[in-house]
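Here is how the chains run, residue by residue.
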Number of protein chains: 4
Amino acid sequence: MVIVMLPGVQQEMVDAVVRRVETAGGRAFVSRGVSRVIIGLVGDVETFAALDIGGMPGVGQVSRVSTEYKLVSREQHNDRSVVRVRGVPIGPDTVTLIAGPCAVETPEQTLAAARMAQAAGATMLRGGAFKPRTSPYAFQGLGELGLKILADVRQETGLPIVTEVVSAHDVDMVAEYADMLQIGTRNMQNFALLQAIGEAGRPVMLKRGMNATIQEWLMAAEYIAQRGNLEIVLCERGIRTFETATRNTLDVSAVPVVQELSHLPVIVDPSHSGGRRDLVLPLSRAGIVAGADGVIVDVHPQPSLALCDGAQALVHEDLAELADAVADLTVYMGRQPARRRYSSTG
Amino acid sequence: MVIVMLPGVQQEMVDAVVRRVETAGGRAFVSRGVSRVIIGLVGDVETFAALDIGGMPGVGQVSRVSTEYKLVSREQHNDRSVVRVRGVPIGPDTVTLIAGPCAVETPEQTLAAARMAQAAGATMLRGGAFKPRTSPYAFQGLGELGLKILADVRQETGLPIVTEVVSAHDVDMVAEYADMLQIGTRNMQNFALLQAIGEAGRPVMLKRGMNATIQEWLMAAEYIAQRGNLEIVLCERGIRTFETATRNTLDVSAVPVVQELSHLPVIVDPSHSGGRRDLVLPLSRAGIVAGADGVIVDVHPQPSLALCDGAQALVHEDLAELADAVADLTVYMGRQPARRRYSSTG
Amino acid sequence: MVIVMLPGVQQEMVDAVVRRVETAGGRAFVSRGVSRVIIGLVGDVETFAALDIGGMPGVGQVSRVSTEYKLVSREQHNDRSVVRVRGVPIGPDTVTLIAGPCAVETPEQTLAAARMAQAAGATMLRGGAFKPRTSPYAFQGLGELGLKILADVRQETGLPIVTEVVSAHDVDMVAEYADMLQIGTRNMQNFALLQAIGEAGRPVMLKRGMNATIQEWLMAAEYIAQRGNLEIVLCERGIRTFETATRNTLDVSAVPVVQELSHLPVIVDPSHSGGRRDLVLPLSRAGIVAGADGVIVDVHPQPSLALCDGAQALVHEDLAELADAVADLTVYMGRQPARRRYSSTG
Amino acid sequence: MVIVMLPGVQQEMVDAVVRRVETAGGRAFVSRGVSRVIIGLVGDVETFAALDIGGMPGVGQVSRVSTEYKLVSREQHNDRSVVRVRGVPIGPDTVTLIAGPCAVETPEQTLAAARMAQAAGATMLRGGAFKPRTSPYAFQGLGELGLKILADVRQETGLPIVTEVVSAHDVDMVAEYADMLQIGTRNMQNFALLQAIGEAGRPVMLKRGMNATIQEWLMAAEYIAQRGNLEIVLCERGIRTFETATRNTLDVSAVPVVQELSHLPVIVDPSHSGGRRDLVLPLSRAGIVAGADGVIVDVHPQPSLALCDGAQALVHEDLAELADAVADLTVYMGRQPARRRYSSTG
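Procedures and definitions
- Residues numbered from 1 in each chain as written.
- Chains lettered and ligands numbered in written order.
- Predicted model: local features only at pLDDT ≥ 70, side-chain atom pairs only at ≥ 80, totals over all residues.
- Heavy atoms only, no water.
- Helix = DSSP H or I, 4+ residues; strand = E, 2+ residues; numbered from the N terminus.
- Buried < 20%, exposed > 50% of the residue type's maximum accessible area, 1.4 Å probe, protein only.
- Polar contact = N/O pair within 3.5 Å; in protein donor to acceptor, adjacent residues only side chain to side chain.
- Contact = heavy atoms within 4.5 Å.
- Least-squares fit on C-alpha atoms with pLDDT ≥ 70 in both.
- Axes fitted to C-alpha atoms, helices over the stretch in contact; angles between N-to-C directions.
- Parallel < 35°, antiparallel > 145°, perpendicular 65-115°, else oblique.
- Left-handed = near helix turned anticlockwise from the far one by under 90°.
- Nonpolar A, V, L, I, M, F, W, Y, C, P; charged D, E, K, R; others polar.
- Buried area = accessible area lost by both parts, 1.4 Å probe.
- Salt bridge = Lys/Arg side-chain N within 4 Å of Asp/Glu carboxyl O.
- Domains from an automatic or database assignment.

Trainee: What am I meant to see in the side chain of Glu-105 of chain D here?
Mentor: When you line up the elements, Glu-105 of chain D lands in the loop between β7 (94–100) and α3 (107–119). On the accessibility criterion, Glu-105 of chain D (11% relative accessible area) is buried. Reaching out from Glu-105 of chain D, the side chain makes a polar contact with the backbone nitrogen of Leu-307 of chain D at a distance of 3.0 Å. Dropping the residues within four chain positions of it, Glu-105 of chain D is found in contact with Arg-27 of chain A together with Thr-110, Phe-139, Leu-142, His-300, Leu-305, Ala-306, Leu-307 and Cys-308 of chain D.

Pasting the structure below:
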């Protein structure tokens, strides 16, 4: 059972609810979000139903949640949401192309990749300054220096930036530079990070854990939402299966499945799922016609020199074909390209 | 090492090759296909190379196969193949829609489903008379009676038939009625069945094992090809993963991956992979733009009464949308609808 | 709903049940086993309950099956079963060691391997004459010649034989030579083969499909049981996972899980699951203390020359350690070694 | 290529190596551990080989790492390690039993569980104060209050404590109370946490990610080791597979596989892998005879009231059987029970 307290509720009202629940033998866990306080109850539902919590001061809503996620669920929020990143929309009416280098390596490489992104029609720039790598001996990213490069490139190109955060400790620092914070596949259940990002006041891109069910993914999003941030975009990036011909298996079915369960936008990452440059274009097309609200791809001016995941990066010759595919299939799906518009944060 | 003997080779020439290999300490396994004899060698490749087998009478070609499949590989057969089923093509220039009931239940239901298939633009009819079911207490199909119903419906509608064979014993009987023989996911490594079908003189649809790697799938096709039948269409129908929101996970990446490795056509089955009616349309679209040469879907006039997999069958209201999607995306991919044309087998 | 007819039931009684069910709008599927006739009903359970089928002539038992397998379930057969193979028991009071070569290659190699098996304390001999191989160019076994070699070695050593059948067509022939018929992992859902073996009058070893859930495995056993053969031993041989350090992952938990659900004996195959010689001993020990009723291992006099799976075969130096481990842990588990005793089939 | 600098190396020596590498077109990444500095090189190995880095001041060792983990590898550290936790050894000569509640709930419950642990022969206490839960509405642990309860129970019973840390931010605080820090399955690739724990000066228990290959697991351990902490115990806790009868699948093969690759101790967690009380005992036995250096199990005085994972907790009636199994199989494996001895940290 979940109790959503009214905005501006007083501490003593919260305490009263907790006391009543505990007196009845239950347990109450208080989550404080930016905009509201939620109390989760553990114990016997019938007992709780008899407590008339709905009638207590400060209580907004009492729900027997049928799903284990609630704020991100479509049950009580039927319209699909639009998340805006510096005025660039990601949502049901558009297809947003996000492109850039897997990792920020140098100012020159990053700017060149951003120009490639624009050539492909992208209206957002991706690029990693903090890279979670399986091996401790692999390139771990440039850190804050990388963020500065990204900010310079944004200045130059006008493209808003999405970049990964790998530690709760870094959230505030990354949020100073980035327009959207990314949570990577290995951190999807790093709950401390989810909670810190829930309070950071920035849109979030939450990648699916490579081993996570859709339900677990939505519950990870709920951790962010619970802290008051509903500006979440989900990103399907491939799941781990027995197949070895591709790095991971793009679960394209996840797009319509999630859209039925949640109001949050969903995009696909054809670069990291396949791990192969030749699959990026067919998987981008597949994602769009399955209903994805956007696509995020790796591009690199010289993939053979890339410090990270060069094998999957698109090169100059691929850009026109990608641009055409995104443009044509966006129209086919009855949507519009996601261009920057007026925005209070822009 | 693989030795392909010349057409019409004499038995004594084959025996001579086997003797020379065995004298050198190796082993030779003779596979007789309809059109040619292939000898597979097991042992030390360097030793074999010194035997000058290429110079022996009746020997056509000696290859050190780099892949473990050869006849279905694109290495030596760069053009992608077209398989024709009673004149209906499946191949790189077309997108072929195949539709019908999961199981043949009655003449009325089968004819109604065939009319639905035509309304959706299908030019081939699917329908199971032999159903391999996990539980021995589930409906196992009507057997030969079901095949007769299919043949009657073909007479009525003109649609060629693809239907599953579950036992080597039934191959000849099914081949009397069917235009194309299907091998189901649970039988992908039923090698006796693969070999029997390799000799049946009918085009084959080989579904991917739900647990099979792409390499294993191609080797299963090689079993059929080795018996002289290269009229094989591969069908991606979802693989088993940890995700439970869908019955299986459509591996849409498999389409371009297979097309790079093999010259055989590849289609997708969005009905069995997702197991949900609402996913059929988005997954059909995704398959086509990933490059699939066709789509096979379940339709049923009254899914709630279906004896098999009713939850995934399309109904009347879905047909127009499917027809439009297939038609539009076929054009988008620079292909043509797969209509029946003049054919020597038609 | 499942109806078990009385032994010796007349055809007209069966027909009467089918008619009554169909008149009520249901469907009835008749399975004829060697010893009894079972009728599976598909349709509305409440409707069937009103038909008083239990009172009709020839009807033995009417069950609403709660599980989808029934004859192999422990629900109605609480004592765990013993299967005897030429007098060698496999069941809850013993630990049976089965050993031998993966494939029969020559009389000398097979006899040497059988002597190795005996040295390790084995009381049954394994050995493949028909080998289902992923690649059509790999060694497929010696066929009937291999069976003859096995029979000769049985004559020489007294060890009963278990060997694989890969096709329904071969069942009778293999049953002439073998004491126990094995169904391999790739054929676990080859239902035609399961049914043929259900009628063969020989004990069966049913390997788990490498991708099969425990429930699917038990339903595969039910296919055999339905034809009147309950002399089934289940064999856990590893499942397919993402881990690549081992060929498959031995699911040792499956042993106690299956023993709670089914009365059938369960053994483990540490050779094929790990695919590595160094894992055979620790996994054999693990299987026994998890409660397995036996262990089946590969041995080979010269693994480097083996035509099949040499990397996992135990060699002479391993035998004493295996013998000790099996002997000691059998005692630890309060069981006895499985020696041959008086048997009506011996 | 990896360069290990000599202990006490000066910064200018490190800088010189980095310069030489970069002048040659490579990239050098400096990792500072507590006890040494390691420089990882990215670029062309042949070029690096020509730079004579081995002859530069301050350079200890230059290795072309064949594995991607090095400090935890057995290649250069052939003897298997012993990790001591307040004098309790975990290593190749002993079998260490660790037991306790999944979550610390109250002082009474924790003390009762610790007494149960001792009754089962455990010499270490487990118990979670920070619980990473899939749902944000589930009980998340008592936090620092839980740690205080654990410390009190240690005072009372003498059992050293292992408890989970879920955030780099909490490492120092948890290390004040705990004798061993646990990294849970969801955080195995939370690299910021791994690095923070590498500097915490406490032994670590690193659970395998439920989706992690053995290689990835060892690389996660390498992250800790790289910061100067080699007091790492690996814990196999089940991997995610398609099987649903158990929560996860205990990969018992991982025990001998890891012991061949790494010198670190390995224990098994039969409670979390199976998720079922009835599997704990058979899986504990299986783990020990597969060679595990210890077992960690959940116990709870009243599982039906547990706030976390009650279904898998052992109860009073199970303890004698567990104690006997651990004692007997420890002897069988030629090991000793892991009792506390003189220790500088004790």
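Trainee: Would you take a moment to explain the relation of the copies chain C and chain B for this structure?
Mentor: Mapping chain C onto chain B calls for a rotation angle of 180° and an axial translation of 0.1 Å; the resulting RMSD is 0.1 Å. Between the two chains, the operation in question is that of a two-fold axis. Minimal C-alpha distance to the rotation axis in chain C is attained by Asn-211 of chain C, lying at 3.0 Å. Here 100% of the interface residues in chain C have copies in chain B that are interface residues too; the copies meet face to matching face.

Trainee: Just checking my understanding: could you explain the packing of helix α11 (residues 316–332) of chain C against helix α11 (residues 316–332) of chain D for this structure?
Mentor: Packed helix pairs are characterised by how far apart their axes lie and by the angle those axes make with each other. Interaxial distance between α11 of chain C and α11 of chain D falls to 12 Å at its minimum, and their mutual angle equals 160°. Viewed along their axes, α11 of chain C and α11 of chain D adopt a mutual orientation that is roughly antiparallel. Relative to α11 of chain D, the crossing made by α11 of chain C is right-handed. On the side of α11 of chain C, the interface is formed by Ala-325, Asp-328, Leu-329 and Tyr-332 of chain C, while α11 of chain D contributes Ala-325, Asp-328, Leu-329 and Tyr-332 of chain D. Class assignment of the residues belonging to the contact of α11 of chain C with α11 of chain D gives a composition of six nonpolar, no polar and two charged.

Trainee: Quick question: what am I supposed to make of the interface of chain C and chain B here?
Mentor: Many structure descriptions define interface size as the accessible area lost when the parts assemble. On the side of chain B, 38 residues touch chain C, which itself brings 38 residues to the contact. Across the chain C/chain B interface, buried area totals approximately 3400 Å², and carbon plus sulfur atoms make up 56% of it. Taken together, the links from chain C to chain B amount to two salt bridges. When the shortest N-O distance is used, the salt bridge between Arg-240 of chain B and Glu-216 of chain C registers 2.6 Å. Counting across the interface, chain C meets chain B through 15 residue pairs in polar contact (both at pLDDT 80 or more). Mapped by element, the contributors of at least two residues to the side of chain C that touches chain B are β2 (27–32), β3 (37–42), α6 (191–198) and α7 (214–226) of chain C. Here the side of chain C that touches chain B takes five residues from α7 of chain C, the largest share from any one element. Here the residues of the side of chain C that touches chain B are counted per class, giving 18 nonpolar, eleven polar and nine charged.

Trainee: How should the domain arrangement of chain A be read in this particular structure?
Mentor: Taken domain by domain, chain A comprises domain 1 (2–63) and domain 2 (83–337). The centre of domain 1 of chain A, based on its C-alpha atoms, is set 37 Å off from the matching centre of domain 2 of chain A.

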